[in-house]
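If you want the building blocks of each chain, they are given just below.
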Amino acid sequence: MTQESMEEKTIVITGATSGIGRALALGLGRAGTNLVLVGRNERVGQRLVRQIRSHSSASRAGFFCADLSNLKDVRSLASELKERYKRVEILINNAGARFNHFEETSDGIERTFATNHLGHFLLTTLLFDHLLEARAARIITVGSGAHFGVSGTPSWSLTRATYDRKIAYGLSKLANIIFAYELARRLTGTSVTSNAVDPGGVATNLGRNNGWIPWLRHLAFYALKGQLITARQAAGHIVFLALAEELKGVTGHYFFERKPVMSSRLSQDIAIARELWSMSVKLTGIDASLGKSWEYVQPQDGP
Ligand SMILES: NC(=O)c1ccc[n+]([C@@H]2O[C@H](COP(=O)([O-])OP(=O)(O)OC[C@H]3O[C@@H](n4cnc5c(N)ncnc54)[C@H](OP(=O)(O)O)[C@@H]3O)[C@@H](O)[C@H]2O)c1
């Protein structure tokens, strides 16, 4: 990829203020491009923008503050991006969190599902026309091996009574992968591809909001297996998915360390995908007012 063609690309990264997202921003910033960094900490975000600009004069980086668990915030973010940029070439749905205890968002949705899945569902669908506008666009959604922990028919909306931290996180990551596959099916024949990725066990701040012990337990789990990698290593694999020429047109896969791998049986279930999609449309309130791209988004509940 030439420097010139890189600079033309608009790349949106959610969760850019920490861990894998931050490493992605620094990696892609060094390559020289038009970076759109999304996070909810303005101070950290602006510091990152300054850092990227000081590394590479070719980079145009901007920080956009939004809480992805808040649907109103996501709508405002999408409007701002659509106004500011003509098209989006790469969208990396990376932001994520885990919560030890049940929490509900101001929209009345369980917080893990709202942050990891619904926020990205809404952002992606609102940006559809901008993705379709690009000569070739790639959507990459960060899943996790934790999705293998979900069995039986998924019950997406956990309640205070049914809440289990592992199940909640696993469900949200299963939703990420199903979403990536369903996008790929819906966008067949367009210039937009959609894939999911398992970054592996990565030393980041994931889970630190729950206290030191659960966070260290998570790191120790991978470290003891000799599988803990740095955020920079994980980001390197995702940068490959975002830019590699050899992945042009490749869609509907789940990647681990740059290779397509099998995800769980549940993640490949079309009926479950349709149900999750319809539910996501309903919960986000997205409808025909979306315009032209509604044709790709509208639920397909029939046989
Ligand atoms: N680390 C691992 O071992 C691992 C394994 C498999 C999958 N993953 C996935 O990798 C992705 C990146 O996580 P990470 O490991 O890099 O963790 P991290 O260091 O905690 O970074 C997560 C990023 O997401 C942002 N974020 C969280 N909630 C948000 C919200 N409501 N609105 C906007 N931004 C929000 C965080 O912002 P704040 O800093 O403000 O919280 C941060 O920038 C996640 O999707 C995670 O599920 C990680």
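Scope of this entry: the structure provided in the associated data block. (Residues numbered from 1 in each chain as written. Predicted model: local features only at pLDDT ≥ 70, side-chain atom pairs only at ≥ 80, totals over all residues. Heavy atoms only, no water.)

**Looking at the packing of aromatic side chains**
One pass over the full model with this rule turns up nine aromatic pairs. Centroid distance Phe221 to Tyr222: 5.1 Å. Interplanar angle 85 degrees. Geometry classified as edge-to-face. Overall, the relative accessible area of 48% leaves Phe221 in the partly exposed class. Taken together through their ring pairs, the aromatic side chains of Phe121, Phe179 and Trp277 make up a single cluster. Taking NZ or CZ as reference, Arg98 lies 4.3 Å from the ring centre of Tyr169, over its face. (Phe/Tyr/Trp six-rings, centres within 6.5 Å; stacked < 30°, edge-to-face > 60°. Buried < 20%, exposed > 50% of the residue type's maximum accessible area, 1.4 Å probe, protein only. Lys NZ or Arg CZ within 6 Å of the ring centre and 35° of its normal.)

**Overview of the packing of helix α7 (residues 165-186) against helix α10 (residues 270-284)**
Contact pair α7 / α10: the axes reach a minimum separation of 10 Å and the direction vectors enclose 95 degrees. Between α7 and α10, the angle falls in the class roughly perpendicular. The residues of α10 that touch α7, namely those facing Ala175, Ile178, Phe179, Glu182, Leu183, Arg185 and Arg186, are Ile270, Ile272, Ala273, Leu276 and Trp277. Class assignment of the residues belonging to the contact of α7 with α10 gives a composition of nine nonpolar, no polar and three charged. (Axes fitted to C-alpha atoms, helices over the stretch in contact; angles between N-to-C directions. Helix = DSSP H or I, 4+ residues; strand = E, 2+ residues; numbered from the N terminus. Parallel < 35°, antiparallel > 145°, perpendicular 65-115°, else oblique. Contact = heavy atoms within 4.5 Å. Nonpolar A, V, L, I, M, F, W, Y, C, P; charged D, E, K, R; others polar.)

**Looking at a nonpolar patch on the surface**
On the surface, Trp212, Ile213 and Leu216 cluster together into a nonpolar patch covering about 360 Å² of accessible area. Secondary-structure assignment places Leu216 in helix α8 (residues 212-224). (Patch = residues over 30% accessible without salt bridge, like charges linked within 9 Å, V, L, I, M, F, W, Y side chains within 5 Å. Areas by Shrake-Rupley, 256 points an atom, 1.4 Å probe, with all protein chains shown as cover. Salt bridge = Lys/Arg side-chain N within 4 Å of Asp/Glu carboxyl O.)

**Thoughts on the environment of Gly249**
Tracing the backbone through its elements, the reader meets Gly249 in the loop between α9 (231-243) and β9 (254-256). Taking the C-alpha atoms as reference points, Gly249 and Trp215, separated by 34 residues in sequence, lie 38 Å from one another.

**Regarding the environment of Thr33**
Considering the arrangement of structural elements, one finds Thr33 in the loop between α2 (19-31) and β2 (34-39). Assessed through its relative accessible area of 0%, Thr33 is described here as buried. Residues Thr33 and Ser56, spaced 23 residues apart in sequence, show a C-alpha to C-alpha distance of 9.3 Å.

**Examining the site of the ligand**
Taken together, the neighbourhood of the ligand is formed by 28 residues, with Ser18, Arg40, Asn94, Tyr169 and Thr204 sitting nearest. Gly200 has a polar backbone atom sitting 3.5 Å from an oxygen atom of the ligand. Relative to its unbound accessible area of 890 Å², the ligand is 92% covered by the protein chains. For the shell around the ligand, the elements supplying multiple residues, two or more each, are α2, α7 and β7 (201-203). Considered class by class, the residues forming the shell around the ligand number ten nonpolar, 15 polar and three charged. (Near = heavy atom within 4 Å. Polar contact = N/O pair within 3.5 Å; in protein donor to acceptor, adjacent residues only side chain to side chain.)

**Comments concerning the sheet that holds β9**
Ordered by their spatial adjacency, eight strands build an open sheet running β3-β2-β1-β4-β5-β6-β9-β10, and the pairing between neighbours is mixed. Looking along the sheet, the strands with just one partner apiece sit at the ends: β3 (60-65) and β10 (259-261). Going across the sheet, the axis of each strand differs from the next one's by a mean of 25 degrees, ignoring polarity. Sheet analysis places strand β6 (residues 192-198) next to β9, joined by three bridges and oriented parallel. If you follow Asp198 over to β9, its bridge partner there is Phe256. (Pairing = 2+ DSSP bridges.)

**Some details on the pairing of strand β5 (residues 137-142)**
Burial of β5 is extensive: six of the six residues sit out of reach of the surface. With burial as the criterion, each face of β5 is covered, one bearing Ala137, Ile139 and Thr141 and the other bearing Arg138, Ile140 and Val142. Relative to β5, strand β4 (residues 90-93) runs parallel, the two being bridged by four bridges. Counterpart to Asn93 in the pairing with β5 is Thr141. Following the backbone out of β5, through α7 and into the adjacent parallel β6, one traces a crossover that is right-handed. (Right-handed = clockwise from strand over helix to strand, strands pointing away.)

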